[in-house]
Amino acid sequence: GDLMKDNYRFPLKSDKIPMKSHSYLAACLNRVHSRLESKCSDETFRIAVLDYFQSFVNDAANGDSNVIISSEDFVYPGLNLTELTSYLVPRHQYKIHVVVYYRRLYDWIYSYYNQFTKLKNAQKIAFAEWLTDEIFEDSLLGYSVAAYNRFKDAPGIFNV
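Note that the structure is a prediction, hence the values are computed from the model and not measured.

Some points on the environment of N80
At step 1: With respect to the helices and strands, the residue N80 is situated in the loop between strand 2 (66-67) and helix 4 (81-88).
At step 2: For N80, a relative accessible area of 32% corresponds to the partly exposed category.
At step 3: Between the alpha carbons of N80 and S70 there is a distance of 16 Å; along the sequence they are 10 residues apart.
At step 4: Within polar-contact distance, the side chain of N80 engages the backbone nitrogen of E83 at 2.8 Å.

Here it is as structure tokens:
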């Protein structure tokens, strides 16, 4: 694609790690948020994901390439930004630019509900029943404004 021509690289699926979905990387860097537990609950898998990411970043840096990682799962509280930036900044002097996509809160929450209803074992309930105070409060923590504030205050982040 055009991004490859512009010297951008993306971590992709390997034999052992489904990195095409960068949500696994986000989950393995977030040991706190319950929504991500199932994606990285095994320590062996976590180490394999982080080792793969380190190898990918090393290869990209050796080729003077930029790195793009993208997943909405990077917005959740508990993401270890210090660990994430440690793969990119001290070793390779990458300047980290974070792009936070703004979406209207209630559109975003409804999309979250739609994702929930598609889960294999999800209870089929109406949106109004699903949206409890707890889910609403949890959603606000991952919403783009809260994520923006976490990223802008993180060490090693060049631009948000």
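That was the structure; now back to the text.
Side note on the environment of D73
At step 1: Within the element layout of this structure, D73 appears in the loop between strand 2 and helix 4.
At step 2: A sequence separation of 46 residues divides D73 from A27, and the C-alpha atoms of the two residues are 7.1 Å apart.
At step 3: Among the polar contacts listed, one links the side chain of D73 to the side chain of K39, at a separation of 2.6 Å.

Some words on the state of the cysteines
At step 1: A full pass over the atoms with the stated rule returns one disulfide.
At step 2: The residue that forms a disulfide with C28 is C40, at a sulfur-sulfur distance of 2.1 Å. In this structure the cystine formed by C28 and C40 twists about its S-S bond by roughly 105°; its chirality is therefore right-handed. Of this pair, C28 sits in helix 2 (residues 23-28) while C40 sits in the loop between helix 2 and helix 3 (43-62), placing them 12 residues apart in sequence.
At step 3: Accessibility expressed as a relative area gives 6% for C40, which makes it buried.

A closer look at the packing of aromatic side chains
At step 1: Taken as a whole and assessed by the stated rule, the structure comprises 11 aromatic pairs.
At step 2: Between Y112 and W130, the aromatic rings sit 5.6 Å apart at their centres with planes inclined by 80°, giving edge-to-face as the arrangement. Remark: W130 occurs in helix 6 (residues 127-130) and Y112 occurs in helix 5 (residues 105-117); sequence separation between them is 18 residues. Judged on exposure class, the residue Y112 and its partner W130 are both buried.
At step 3: Put simply, the rings of W108, Y110, Y112, Y113, F116, F127 and W130 touch in pairs and so form one group of aromatic residues.

Each value, and the rule that gives it
- By convention here, each chain's residues receive numbers from 1 onward along its written sequence.
- Side-chain atom pairs in this predicted model are given and counted only at pLDDT of 80 or more, local residue features only at pLDDT of at least 70, and totals for whole chains, interfaces and linings cover all residues.
- Heavy atoms throughout the structure, all of them, feed into the side-chain values; hydrogens and water do not.
- Helix and strand assignments come from DSSP, with helices taken as H or I runs of at least 4 residues and strands as E runs of at least 2, each series counted from the N terminus.
- Any residue under 20% of the maximum accessible area for its type is buried, any over 50% is exposed, and the rest in between are partly exposed; the area is computed with a 1.4 Å probe on protein chains only.
- Identification of polar contacts relies on pairs of N or O atoms within 3.5 Å, with a donor-acceptor requirement for protein atoms, meaning one able to donate a hydrogen and the other able to accept it, and with residues adjacent in sequence counted only if both atoms are side-chain atoms.
- Note on disulfides: each one is a pair of cysteine sulfur atoms within 2.5 Å.
- Under the pairing criterion, centres of Phe, Tyr and Trp rings, with the six-membered ring standing for Trp, must be within 6.5 Å; the plane angle then separates stacked pairs below 30 degrees from edge-to-face pairs above 60, leaving the rest tilted.

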